[in-house]
Amino acid sequence: RNPLRIAIGELAMSYLPCIPNLTTRQVQYVESAMTDQQPSEIFKERLRTAREQLRKWSQSELGEKAGLPSSSIAHFETGARKPSFDTLRKLANALE
């Protein structure tokens, strides 16, 4: 199991906890991954963890690889803004 792939999956699932057509295994995974925190709180923590600890990148480096301004990464990590589905995809692809 690739820890980076797992982190990216957790990142996306923390942001989108209720997706139609999930398999039973996926639903159980999402439920077990959820805490009392709001999904947006979990997302910002996991984004920062994936960037800093797994990839050891700055916000600028992640922004460049995802095709986003570094200010957007900062906004996502502070919770000031929430990413669109397209932006989530760009972040996941950059972190993969």
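Residues numbered from 1 in each chain as written. Predicted model: local features only at pLDDT ≥ 70, side-chain atom pairs only at ≥ 80, totals over all residues. Heavy atoms only, no water.

1. Quick notes on the overall build of the protein
Here is step 1 of the chain: On a plain count of helices and strands, the protein comes out with 6 helices and 0 strands.
Here is step 2 of the chain: Scanning the protein from its N terminus toward the C terminus, one meets helices and strands in the order α-α-α-α-α-α.
Here is step 3 of the chain: Counting only contacts in the protein whose residues sit at least 6 apart along the sequence, the fraction spanning at least 24 positions is 58%.
Here is step 4 of the chain: Of the roughly 6100 Å² of accessible surface on the protein, 49% is carried by carbon and sulfur atoms. (Helix = DSSP H or I, 4+ residues; strand = E, 2+ residues; numbered from the N terminus. Contact = heavy atoms within 4.5 Å. Areas by Shrake-Rupley, 256 points an atom, 1.4 Å probe, with all protein chains shown as cover.)

2. Details of helix α4 (residues 59-66)
Here is step 1 of the chain: Along α4, the residues that are buried comprise L62, G63 and A66. Here the buried residues of α4 occupy an arc of 100° about the axis, which is enough to place them on one side.
Here is step 2 of the chain: Looking at the buried side of α4, the elements it contacts are α3 (39-54), α5 (70-78) and α6 (85-95).
Here is step 3 of the chain: G67 sits one or two residues past α4 and shows a positive phi near 75°. (Buried < 20%, exposed > 50% of the residue type's maximum accessible area, 1.4 Å probe, protein only. Arc of directions from axis to C-beta.)

3. Topic: the nonpolar core
Here is step 1 of the chain: One finds F43, L47, L62, L68, F76, L91 and L95 to be the most contacted residues of the largest nonpolar core, which totals 13 residues.
Here is step 2 of the chain: Going through the elements one at a time, α3, α4, α5 and α6 are the ones with two or more residues in this core. (Core = buried A, V, L, I, M, F, W, Y, C linked by side-chain atoms within 4.5 Å.)

4. Concerning the confidence of the model for the protein
Here is step 1 of the chain: Per-residue confidence for the protein gives a mean pLDDT of 78; residues scoring 70 or more make up 62%.
Here is step 2 of the chain: In the predicted structure, residues 22-29 sits below a pLDDT of 50 and forms 5 contacts with residues beyond four places in sequence or in another chain. (pLDDT = per-residue confidence, 0-100.)

5. Description of the packing of α4 against α6
Here is step 1 of the chain: Running from amino to carboxyl end, α4 crosses α6 at an angle of 110°, the nearest separation of the two axes being 8 Å. Put simply, α4 runs roughly perpendicular to α6. In this structure, α4 contributes L62, K65 and A66 to the contact, and α6 contributes K90, L91, A94 and L95.
Here is step 2 of the chain: Across the contact of α4 with α6, the residue classes break down as 5 nonpolar, no polar and 2 charged. (Axes fitted to C-alpha atoms, helices over the stretch in contact; angles between N-to-C directions. Parallel < 35°, antiparallel > 145°, perpendicular 65-115°, else oblique. Nonpolar A, V, L, I, M, F, W, Y, C, P; charged D, E, K, R; others polar.)

6. Remarks on the pattern of salt bridges
Here is step 1 of the chain: Scanning all chains against the criterion turns up 7 salt bridges.
Here is step 2 of the chain: Residue E41 pairs with K44 through a salt bridge whose shortest N-O separation is 3.3 Å. Note that E41 and K44 are positioned in helix α3 at a spacing of 3 residues, about one turn of the helix.
Here is step 3 of the chain: Residue E52 is joined to R48 by a salt bridge in which the shortest nitrogen-to-oxygen separation is 4.0 Å. Of this pair, E52 and R48 both sit in helix α3, 4 residues apart, which is roughly one turn of the helix.
Here is step 4 of the chain: By relative accessible area, which is 32% here, R48 ends up partly exposed.
Here is step 5 of the chain: Connected through salt bridges with shared partners, the residues R48, R51, E52 and E77 form a single ionic network. (Salt bridge = Lys/Arg side-chain N within 4 Å of Asp/Glu carboxyl O.)

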